[in-house]
There are 2 protein chains.
Amino acid sequence: MGEFIKRIDQAIEALRKGKFILIFDDDKREGETDIVMASEFVQPDSIRTMRQDGGGLIFLMTSKEIANKLKLPFLADMYNEIDEKYPILKELVPNDIPYDSKSSFSLYINHRKTFTGITDIDRSMTMRKFAELTKNIENITDGNATKMFGKEFRSPGHVPICVAAERLLNQRKGHTELVISMMKMAGLTPAGSGCEIMGDNGKALSKEKSEEYAKKHGLVFLEGKEIIEAWKRWSK
Amino acid sequence: MGEFIKRIDQAIEALRKGKFILIFDDDKREGETDIVMASEFVQPDSIRTMRQDGGGLIFLMTSKEIANKLKLPFLADMYNEIDEKYPILKELVPNDIPYDSKSSFSLYINHRKTFTGITDIDRSMTMRKFAELTKNIENITDGNATKMFGKEFRSPGHVPICVAAERLLNQRKGHTELVISMMKMAGLTPAGSGCEIMGDNGKALSKEKSEEYAKKHGLVFLEGKEIIEAWKRWSK
């Protein structure tokens, strides 16, 4: 047990220094390891590492509080509201996600100063600026946050935002909740960036191989259940 | 000029065989090279090549005719329709895309038989099955195509669909139009899969280096202007 708390502390330290950590969710969930870091530190070479060593979807994670301030909707809720107008959305309802009951996807954005939006320079700018905005709206309560958001970002874009469940790990145990909980425990701006790690066999990289990768690159490897336990203690 | 027609023919031959081709759009546009192939032939290792050697967004391309049959909207149009309900969409209006006047993004989908949706197996299945659906709805005119689509796919998902402009290269000269035009000239189902090729310097891989990559891997390299010229002759 001491070992596990030590690793949580090391992960917090790594996040504060702008380093990657690895998070495996659970064999009973996606069974995937994500390579993640605090968005405020994301640089072009961070995106390069995510796409070369990860290879999945490179995405932004935010908290429900921030999403509420920005009036960021869940795509699934938005689709639900307008499926009379766009009947295709009714047909495509994601009522059969095998590992969870709800998609955490919100909008896809680009920073307005990006060019195509997809290069390492562009995606890292979108992510860093989103973390900056998250900081800047901390004390904004007059509903102006949405305008500040729109001034800097456009949608559709190339960086998907996933929104954590309101009660975080008490409600949902996906990577988004695991990462945002880690950010809170680290006292960092709750904006995370990450990517799933793929294997060479068409599937996600196995837990064992992800641990090997972590060792080789000197990164902390955590399992979802360890973060959940640390979160329980921390949020008491 | 003979040289260029020969290369168009080689590219058509490669597409029919399920091979990748490389398409550089234009210095005056994105200035990006995409690695693309016909969706009907996409296998897990095709996705691996796209993410490892490309590194950009792995996306599906379809024609406006197919999108109309499926009632697939452009995201930007959809956002426009519902921005009273979701004012954030009004703030995020993409009115400043530097290289074009309109985003070609439609919905993000997963095949319903995928698990997480992001692995090479999952993304290749989504793409191949989309090409199959495209074939299957060829003679469907009773409005049933949307239902067939929803029976097999869900949204939100991990594979973005880009919809080509109605008059293809006569209207817009993006990768989506270049690819769908090539598919038509090749007599293939108009569903393409591709990914932008990134460089190590934070930017898209330069045209010169993309040509080197093509040579090294025995792939045909085309420029947008060559496809536009071939299309003009072919569609006369």
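Placed above this text is the structure.
Predicted model, so just to flag it, every value in this text is computed and none were measured. (Residues numbered from 1 in each chain as written. Chains lettered and ligands numbered in written order. Predicted model: local features only at pLDDT ≥ 70, side-chain atom pairs only at ≥ 80, totals over all residues. Heavy atoms only, no water.)

**Observations concerning the overall build of chain A**
Then comes step 1: Scanning chain A from terminus to terminus reveals 10 helices and seven strands.
Then comes step 2: Overall, the C-alpha framework of chain A stretches about 50 × 40 × 40 Å when taken along its three principal axes.
Then comes step 3: When each of the 236 residues of chain A is scored for burial, the buried share is 63%.
Then comes step 4: Accessible area of chain A: about 9700 Å², with a carbon and sulfur share of 47%.
Then comes step 5: Between the mean site of the 37 positive side-chain charges and the mean site of the 36 negative ones, chain A shows a separation of 4 Å. (Helix = DSSP H or I, 4+ residues; strand = E, 2+ residues; numbered from the N terminus. Buried < 20%, exposed > 50% of the residue type's maximum accessible area, 1.4 Å probe, protein only. Areas by Shrake-Rupley, 256 points an atom, 1.4 Å probe, with all protein chains shown as cover. Lys, Arg positive; Asp, Glu negative; His and termini not counted. Charge placed at Lys NZ, Arg CZ, Asp CG, Glu CD.)

**Considering the packing of aromatic side chains**
Then comes step 1: Applying the stated criterion to the full structure yields 11 aromatic pairs over all chains.
Then comes step 2: When the centroid spacing of 6.2 Å and the interplanar angle of 70° are considered together, the rings of Phe 130 of chain B and Phe 153 of chain B count as edge-to-face. Highlighted residues: Phe 130 of chain B in helix α6 (residues 120-136) and Phe 153 of chain B in strand β5 (residues 153-163), separated in sequence by 23 residues.
Then comes step 3: Among the aromatic residues, those joined into a ring-pair cluster are Phe 105 and Tyr 108 of chain A together with Phe 105 and Tyr 108 of chain B. (Phe/Tyr/Trp six-rings, centres within 6.5 Å; stacked < 30°, edge-to-face > 60°.)

**Describing the sheet that holds strand β6 (residues 191-197) of chain B**
Residues and elements named next belong to chain B.
Then comes step 1: Spatially, seven strands are ordered β4-β5-β3-β6-β2-β1-β7 in an open sheet, and the strand pairing comes out mixed. Looking at strand neighbours, the two that pair on one side only are β4 (105-111) and β7 (221-223), the edges of this open sheet. Each strand axis lies, on average, 40° off the axis of its neighbour in the sheet, ignoring direction.
Then comes step 2: Across five bridges, strand β2 (residues 33-38) lies against β6 in antiparallel orientation. Bridging across to β6, Ala 38 finds its partner in Gly 192.
Then comes step 3: Each of β1 (21-24), β2 and β7 is contacted by helix α1 (residues 2-16), which is oriented at about 120° to β7, the strand it contacts most.
Then comes step 4: Against the sheet, helix α2 (residues 44-54) touches β2, β3 (55-62) and β6, its axis set at about 135° to β3. (Pairing = 2+ DSSP bridges. Axes fitted to C-alpha atoms, helices over the stretch in contact; angles between N-to-C directions. Contact = heavy atoms within 4.5 Å.)

**Focus on the sheet that holds strand β3 (residues 55-62) of chain A**
Residue and element names in this part refer to chain A.
Then comes step 1: Strand order in the open sheet made by the seven strands is β4-β5-β3-β6-β2-β1-β7, with mixed pairing throughout. Looking at the sheet topology across the chains shown, the edges are occupied by β4 (105-111) and β7 (221-223). The sheet shows a mean angle of 40° between the axes of neighbouring strands, taken without regard to direction.
Then comes step 2: In the packing of helix α10 (residues 224-234) onto the sheet, contacts are made with β1 (21-24) and β7, and the angle to β7 comes to roughly 75°.

**Overview of the environment of Arg 29 of chain B**
Then comes step 1: Among the structural elements, Arg 29 of chain B can be located in the loop between β1 and β2.
Then comes step 2: Residues Arg 29 of chain B and Tyr 99 of chain B lie 70 residues apart in sequence; the distance between their C-alpha atoms is 5.3 Å.
Then comes step 3: Not counting residues within four places of it along the chain, the set of residues in contact with Arg 29 of chain B comprises Phe 115 of chain A together with Tyr 99, Asp 100, Arg 172, Lys 173 and Gly 174 of chain B.
Then comes step 4: Within the structure, Arg 29 of chain B has its side chain in polar contact with the side chain of Asp 25 of chain B (distance 3.1 Å). (Polar contact = N/O pair within 3.5 Å; in protein donor to acceptor, adjacent residues only side chain to side chain.)

**A word on the interface of chain A and chain B**
Then comes step 1: Taken together, the contact between chain A and chain B spans 67 residues of the former and 66 residues of the latter.
Then comes step 2: Together chain A and chain B conceal approximately 5600 Å² of surface at their shared face, both sides included; 63% is due to carbon and sulfur atoms.
Then comes step 3: Where chain A meets chain B, there are eight salt bridges.
Then comes step 4: The salt bridge involving Lys 147 of chain A is made with Glu 91 of chain B; its shortest N-O contact spans 3.0 Å.
Then comes step 5: Here chain A and chain B share 28 residue pairs in polar contact (both at pLDDT 80 or more) between them.
Then comes step 6: Contributions of two or more residues to the side of chain A that touches chain B are made by α2 (44-54), β3, α4 (75-81), α5 (87-91), β4, α6 (120-136), α7 (145-152) and β5 (153-163) of chain A.
Then comes step 7: Taken together, the residues of the side of chain A that touches chain B sort by class into 31 nonpolar, 17 polar and 19 charged. (Buried area = accessible area lost by both parts, 1.4 Å probe. Salt bridge = Lys/Arg side-chain N within 4 Å of Asp/Glu carboxyl O. Nonpolar A, V, L, I, M, F, W, Y, C, P; charged D, E, K, R; others polar.)

**Structural notes on the relation of the copies chain A and chain B**
Then comes step 1: At an RMSD of 0.0 Å, chain A and chain B line up after a rotation of 180° and a shift of 0.0 Å along the axis. Such a combination of turn and shift is consistent with a two-fold rotation axis. Using C-alpha coordinates, one finds that chain A approaches the rotation axis most closely at Gln 52 of chain A, a distance of 3.0 Å.
Then comes step 2: A share of 99% of the interface residues of chain A reappears at the interface of chain B, consistent with the copies meeting face to face through the same patch. (Least-squares fit on C-alpha atoms with pLDDT ≥ 70 in both.)

**Considering unusual backbone geometry**
Then comes step 1: Note that the residue after Ser 155 of chain A, namely Pro 156 of chain A, is joined by a cis bond; omega there is 5°.
Then comes step 2: Its location among the elements puts Pro 156 of chain A in strand β5.

**Quick word on the environment of Cys 162 of chain A**
Then comes step 1: Looking at where Cys 162 of chain A falls in the secondary structure, it is placed in strand β5.
Then comes step 2: Cys 162 of chain A has contacts with Phe 59, Leu 60, Met 61, Thr 62, Ser 104, Phe 105 and Thr 176 of chain A, leaving out every residue within four places of it along the chain.

**Description of the pattern of salt bridges**
Then comes step 1: The final tally for this structure, using the stated rule, is 33 salt bridges over all chains.
Then comes step 2: Bridged by salt links that share partners, the residues Asp 96 of chain A together with Arg 112 and Arg 154 of chain B form one connected network.

**Considerations on helix α9 (residues 207-217) of chain B**
All names here are of chain B.
Then comes step 1: Of all the positions in α9, only Lys 207, Ser 210, Tyr 213 and Ala 214 are classed as buried. Along α9, the residues classed as buried sweep out an arc of 115° about the axis, all on the same side. Opposite the packed face of α9, turned more than 90 degrees from it, sit the exposed residues Lys 209, Glu 212, Lys 215 and Lys 216.
Then comes step 2: As for α9, its buried residues are in contact with β1, β2, α2 and β7.
Then comes step 3: Two residues or fewer after α9 comes Gly 218, characterised by a positive phi angle close to 65°. (Arc of directions from axis to C-beta.)

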